[in-house]
Amino acid sequence: ALMPGFTHLQPAQTVRYSHWLLSHCFALQRDDERLRDMVPRVARLPLGSGALAGNPFNVDRRAMADELGFSDGVCPNSMDAVSDRDWVIEAIFCASMVMTHLSRWAEDLIVYSTAQFGYVSMADAYSTGSSLMPQKKNPDALELLRGKAGRSIGALSGILTVVKGTPTTYNKDLQEDKEMLFDVMDTVMDSVRIAIGVVSTMKIHPERMREGLSADMLATDLAEYLVRKGMPFRDTHHVAGEAVALAEKNGCGISDLTLEDLRTLSDLFESDVSEVWSFDRSAELRCTEGGTAKASVLQQVDKLRTYLDEE
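Here we summarise the structure given alongside this text. (Residues numbered from 1 in each chain as written. Predicted model: local features only at pLDDT ≥ 70, side-chain atom pairs only at ≥ 80, totals over all residues. Heavy atoms only, no water.)

Observations regarding the pattern of salt bridges
Here is step 1 of the chain: The full count for this structure, using the stated rule, is 19 salt bridges.
Here is step 2 of the chain: Between Glu211 and Arg208 there is a salt bridge whose closest N-O contact spans 3.5 Å. With Glu211 and Arg208 both in helix α7 (residues 206–211) and 3 residues apart, this pair spans about one turn of that helix.
Here is step 3 of the chain: What makes Glu211 exposed here is its relative accessible area of 58%.
Here is step 4 of the chain: Overall, Arg208 belongs to the partly exposed group, its relative accessible area being 29%.
Here is step 5 of the chain: Here Arg286 and Asp221 are joined by a salt bridge, their closest N and O atoms 3.0 Å apart. One end of the pair, Arg286, is in the loop between α11 (279–285) and α12 (294–310); the other, Asp221, is in helix α8 (residues 219–228), and 65 residues separate them in sequence.
Here is step 6 of the chain: Each of Asp37, Arg41 and Glu90 takes part in a single network of salt bridges with overlapping partners. (Salt bridge = Lys/Arg side-chain N within 4 Å of Asp/Glu carboxyl O. Helix = DSSP H or I, 4+ residues; strand = E, 2+ residues; numbered from the N terminus. Buried < 20%, exposed > 50% of the residue type's maximum accessible area, 1.4 Å probe, protein only.)

Okay, here's the thing in structure tokens:
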């Protein structure tokens, strides 16, 4: 399904719905990579550090680390071990990044589900009616995801603030880490489950997406047409802007400008300029790696499948 792609929340260029969805998938892939990168760094055994100076009974800390599954061995310094909360901070940070990405995805869907857009609709299980206005269907689950992201980011700020003022080794302040860590872990796990429920039950409306496309979104394609005719883009951008202004002056859409109108702006316009006013063609021209052409989108799907299979 083709839909408008937005910058500054303004219609910008033609994209595929699948391309938009994949943009959020790749953000979540980075989150997964961060979590995998974090595990070896935090999987170090503090046991055997004593209060701060170490253990006097010559315990085999490495044997304990192996037995308990700490893959990166032992904390190398006992004073650091009893005061280190990097593992808490990193875990909360990684979780907050997951929540940030879910929040941005949720915000897109909140906008797309409004009556003004109508690109998607939420299942009843993930939305509610208004307590006052019976005609409304509010995307409560998505709004809660957005709110929970703020909660996680608040915990990250909180634990950093706790740790930054503590002197070396253990201080009672550090017991504050547990509540923040456990709450954020519960929050992100619940949020991921809710996000899966939303995306697996919502309906998309391709016809409304296509209705959102407008000819002015092809102004860049008009500029690119002139690039293919040999004009530098810095000049074609100016010409395309003049075409937009001319259409506004004539009270018509840019695609309604005649060849004669366009030739007043540049002699490079020929009859084949009519091909520019195709949204499908516009999308298919974006065929480079990562683009919105069908082949590029399928390549992105393959990349994600390969990553999931390997991991």
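Side note on the pairing of strand β2 (residues 10–16)
Here is step 1 of the chain: Direction of pairing for strand β1 (residues 2–7) relative to β2: antiparallel, over a ladder of 6 bridges. Along β2, the bridge assignment pairs Leu2 with Arg16.
Here is step 2 of the chain: What sits between β1 and β2 in their antiparallel hairpin is a turn of 2 residues, with His8 showing a positive phi close to 55°. (Pairing = 2+ DSSP bridges.)

Some thoughts on the packing of aromatic side chains
Here is step 1 of the chain: As enumerated under the stated definition, the model contains 8 aromatic pairs in all.
Here is step 2 of the chain: Both rings, one in Phe117 and one in Tyr119, keep their centres 5.3 Å apart while their planes meet at 80°; by these two values the pair is edge-to-face.
Here is step 3 of the chain: With relative accessibility at 4%, the residue Tyr119 sits in the buried group.
Here is step 4 of the chain: Put simply, the rings of Phe6, Tyr17, Trp20, Tyr112, Phe117 and Tyr119 touch in pairs and so form one group of aromatic residues. (Phe/Tyr/Trp six-rings, centres within 6.5 Å; stacked < 30°, edge-to-face > 60°.)

A short note on unusual backbone geometry
Here is step 1 of the chain: Phi at Leu9 is positive, roughly 60°, even though this residue is not glycine.
Here is step 2 of the chain: Tracing the chain through its elements places Leu9 in the loop between β1 and β2.
Here is step 3 of the chain: With a phi close to 75°, Thr169 is a non-glycine residue in the positive phi region.
Here is step 4 of the chain: Positionally, Thr169 belongs in the loop between α5 (140–164) and α6 (177–201).
Here is step 5 of the chain: On the basis of relative accessibility, which here comes to 12%, the residue Thr169 falls in the buried class.

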